[in-house]
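Residue-level structure breakdown
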Amino acid sequence: MAGNFRSKYNLSSFIRRPEFGALIGLVVIYIFFAIFGGENFIALAGTASWLNIAAELGIIALPVALVMIAGDLDLSVGSTLAAGGVTTAVLSGYFNLPTAVGIFSGLALGTFIGFLNGLIVVRTNLPSFVVTLATNFAVFGLMLGLCKLITGTVAVSIKPDHLSKTILGTYLFEQFETAIIIWLVVAGIVSWILYKSPWGNWIYAIGGDAISARLTGIPVDKVRISLFTASGFAASLVGVMQTILYESAQVNAGQSFVFNSIIAVVVGGVLLTGGYGSTVGVILGAMTFAIVNQGIYYTGWESDWASLILGVLLLIAVLTNNTFRRLAISGKSKKGA
Amino acid sequence: MKISRSLKIAVAFSAAALALTGLSAPASHAAAKKTVIVLGGGDAFFAIVKNGVKAASGPALQAGVSVKYVGLKNYDNVGPDMVKLIRTAVSQKPDALALPNWVSSAQNPEIKKAIAAGIPVFLYNAGQEQLEATGAKAYIGTNEYQAGITLGKYLASKGAKHGLCINTSPGSANIKQRCDGMAEGMKSGGGKGETLELPATKFGDATAISNAVKGALTTDATIDAVFTIASVDTDAANAGIEAAKSKAQLGSWDVSPNILERIRDGKSTAAVDQLGWLQGYQVVNYAFTWVAFGMLPGTTEFLTGPSLVTKENAAVIIGAAKSGQR
């Protein structure tokens, strides 16, 4: 009797974890494409093709998830990514400064943009949606203007040194981007913040209700500014990595990351309204999105339908996810329903 | 109850998705022994390219080669996205690969890797100057800058003195070449040309483009020629010229039935057509005859254009535009 009860309890608590729905979504989508995509999709190179996408997306989606759990949105990651990449390429490519100078400047700029987002949001009390949207346009315009003024063009080439190439932009086993390792590191840091440091509870509390969070003495402004700063850093990191890997940077790179990061976060089970979500869920969300995106190419279906299939599959993933999240939040077992 | 309902919806959606994809799965795959993968874009121009690819796929299939077209969803991050697309294509082990080389610094290493892995590569649409550097078999396409000059010169010869190029994709190097070429063409015709850059998100956004054109024309009355960089932007630019009650000439990149009818009726001046259909058709021809029979024409640089469309030849081209070749 006792043993039976315990296994039942463990199973239901596992099902109620925020990432369970995301896990089911991922498994369903993977099996779907494993069947229709054939052996090339399951093979090493096929796996790398979606894992690389998931890694780049995931590095940005994880800090964005923190921003969203705290009840804000960051729509500026697209231009911030380009700002990081273009800065690196202009300094180390166009001006031939050491690669490290370009990398650190790119990251510093991205971090500063994030900090500025946070500062404006906190000081003006404007919705972060509006502030970061404005930043996305402003930074794009700034980089476009500066880049054309300096180089006369909008796409800058760079020859990175060996060390930066090895750390930030090369393929392991000729298939897997080093971004995957950096993704794991970022996941570790974000998990630590969320689950081990006092910041984790603060973030959930702010996302749940910022006013009561402030009343209980949580440094709300500091936390929100820090989260935006982290998100800016991560976006520019991906920009720098792309620049090192592909040896070129373009001013209008990265805009697709604005929506894709939010999609990954939401598919990963984070509530759009904040206060709920998990690191593992966001990792699974990024993987699900990447599999859907890349899997289509392996099916041999008419590519005209790709976006339709993508949309339908994402909807299925989120629906599955929501079903289990409702289960999780309600706290009731299913026998009552 | 709620839970089971959303599950039902999910099941219904998956069933619909499966049914739909089942319909479009090519039945002839089993017969073909070899494959050619064509990478490209996803806008109106590449819809025409794809029609060309399809037209050449029939003969390819008869030779035992199946052809698959895969397009980018957008041009936001063209270099890295193309690299990923090439890697995805290579992992499917095709017998040949055809692709535009838009950002050579990013794409060349991947193209070389594909060739080293035994997959012959054919460039089309962009990358003529990269033929030797990459080791690709052939290039089928046009020269953006030269085509721009052709169009700019023609409008200048029709009396334009001050041209404005509406660049709705300011990050893309090849689009910049188009505007630069048009400015150069205007200059050599005794006029001058400049570029109005709109944010990348305005590509194909009719309201934004027509209002930007209207604004520019009413602010500076000396502008007497407007250039667009894509067929999707051209109708909007025309609306902007009309709204500003301006007499400015309109020169566009690529064609559509609307554009051709305006040129035929003398409302717009000219267009350069890269002949996208021919690019798609020829690159598949080059690739499949190589894969199936080991044939490679002596002409490894096949120039499909630019073809200048003016009042004189617009009427002839309209039929082909309506059936999807122009």
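Please refer to the structure placed before this passage.
Residues numbered from 1 in each chain as written. Chains lettered and ligands numbered in written order. Predicted model: local features only at pLDDT ≥ 70, side-chain atom pairs only at ≥ 80, totals over all residues. Heavy atoms only, no water.

Regarding its fold elements, chain B presents twelve helices and twelve strands. Of all 326 residues assigned to chain B, the portion counted as buried reaches 56%. Put simply, of all contacts in chain B between residues at least 6 apart along the chain, 73% involve residues at least 24 apart. Split by element, the accessible area of chain B, about 12,900 Å² in all, is 56% carbon and sulfur. (Helix = DSSP H or I, 4+ residues; strand = E, 2+ residues; numbered from the N terminus. Buried < 20%, exposed > 50% of the residue type's maximum accessible area, 1.4 Å probe, protein only. Contact = heavy atoms within 4.5 Å. Areas by Shrake-Rupley, 256 points an atom, 1.4 Å probe, with all protein chains shown as cover.)

Turning our attention to the sheet that holds strand E8 (residues 225-228) of chain B. Residues and elements named next belong to chain B. An order of E7-E6-E8-E9-E10-E12 is seen for the six strands of this open sheet, with the pairing classed as mixed. Across the chains shown, the open sheet's two edge strands, defined by having one partner strand only, are strand E7 (192-197) and strand E12 (307-309). Ignoring which end each strand starts from, the neighbouring axes of this sheet average 20° apart. Pairing of E8 with strand E9 (residues 249-253), which is carried by three bridges, proceeds in the parallel orientation. Residue Ala-225 lies in a different strand from E9, and its bridge partner there is Gln-249. Strand contacts of helix H6 (residues 144-157): E8, E9, strand E10 (270-273) and E12, with the helix running at about 165° to E9, the strand carrying the most contacts. (Pairing = 2+ DSSP bridges. Axes fitted to C-alpha atoms, helices over the stretch in contact; angles between N-to-C directions.)

This part is about the sheet that holds strand E1 (residues 34-40) of chain B. Residues and elements named next belong to chain B. On the basis of which strands lie adjacent, the open sheet formed by six strands has the order E2-E1-E3-E4-E5-E11 and parallel pairing. Edge strands, defined here as strands with exactly one partner in the open sheet, are strand E2 (65-71) and strand E11 (301-303). Averaged over neighbouring strand pairs, the angle between their axes works out to 15° when direction is ignored. Where strand E5 (residues 138-141) lies against E11, three bridges are found, and the strand directions are parallel. Paired with Ile-140 across the strands is Phe-302, a residue of E11.

Turning next to the state of the cysteines. All names here are of chain B. Inspection of the entire model under this criterion finds one disulfide over all chains. The disulfide that involves Cys-165 links it to Cys-179, with 2.0 Å between the sulfurs. Here the disulfide of Cys-165 and Cys-179 is left-handed, its torsion about the S-S bond being about -65°. Of this pair, Cys-165 sits in strand E6 (residues 162-167) while Cys-179 sits in helix H7 (residues 173-188), placing them 14 residues apart in sequence. (Disulfide = S-S within 2.5 Å.)

What follows is about helix H9 (residues 231-243) of chain B. All names here are of chain B. Taking 1.5 Å of rise per residue, 13 residues should cover 18 Å, and H9 covers 19 Å from first to last C-alpha, within 8% of that figure. Considered for burial, the residues of H9 that qualify are Ser-231, Asp-233, Thr-234, Ala-236, Ala-237, Asn-238, Gly-240 and Ile-241. Check the buried side of H9 and you find it contacts helix H2 (44-62), helix H8 (206-219), E8, E9 and helix H10 (257-264). Looking one or two residues past H9, Lys-245 carries a phi angle of roughly 50°, positive in sign. (Expected span 1.5 Å × (residues − 1).)

Attention now moves to helix H14 (residues 279-299) of chain A. Residues and elements named next belong to chain A. An ideal rise of 1.5 Å per residue puts 30 Å on 21 residues; H14 measures up with 30 Å between its terminal C-alpha atoms. Along H14, the sharpest kink reaches roughly 25°, centred on Asn-293. Burial of H14 is extensive: 19 of the 21 residues sit out of reach of the surface. With a side-chain oxygen lying 3.1 Å from the backbone nitrogen of Gly-281, the N-terminal cap of H14 falls on Ser-278. Positive phi appears at Gly-300, one or two residues downstream of H14, with a value of about 80°. (Bend = angle between axes of the 7 residues up to and from the residue. Polar contact = N/O pair within 3.5 Å; in protein donor to acceptor, adjacent residues only side chain to side chain.)

The next point concerns the packing of aromatic side chains. Summed over the entire model, instances satisfying the criterion amount to twelve aromatic pairs over all chains. Their ring planes at 10° and their centres at 4.9 Å tell us that Trp277(B) and Tyr281(B) sit as a pair that is stacked. Taken as a pair, Trp277(B) and Tyr281(B) lie in helix H11 (residues 276-293) at a separation of four residues, close to a single helical turn. Every member of this aromatic cluster is reached through a ring pair, and the members are Tyr30(A), Phe32(A), Phe33(A), Phe36(A), Phe41(A), Trp50(A) and Tyr298(A). Taking NZ or CZ as reference, Arg87(B) lies 3.4 Å from the ring centre of Tyr171(A), over its face. (Phe/Tyr/Trp six-rings, centres within 6.5 Å; stacked < 30°, edge-to-face > 60°. Lys NZ or Arg CZ within 6 Å of the ring centre and 35° of its normal.)

On to the side chain of Asp273(B), then. Residues and elements named next belong to chain B. On the secondary structure map, Asp-273 appears in strand E10. In this structure the side chain of Asp-273 is engaged in a polar contact, spanning 2.7 Å, whose partner is the side chain of Arg-326. Among all residues touching Asp-273, those that are not within four sequence positions of it are Asp-254, Val-255, Pro-306, Ser-307, Val-309 and Arg-326.

Time to look at unusual backbone geometry. One non-glycine residue, Glu174(A), adopts positive backbone phi at about 60°. Within the fold, Glu174(A) resides in the loop between strand E2 (171-172) and strand E3 (176-177). Overall, Glu174(A) belongs to the exposed group, its relative accessible area being 67%. Of note, Asn125(B) is a non-glycine position whose phi angle comes to about 70°, a positive value. Structurally, Asn125(B) is set in the loop between strand E4 (121-124) and helix H5 (131-134).

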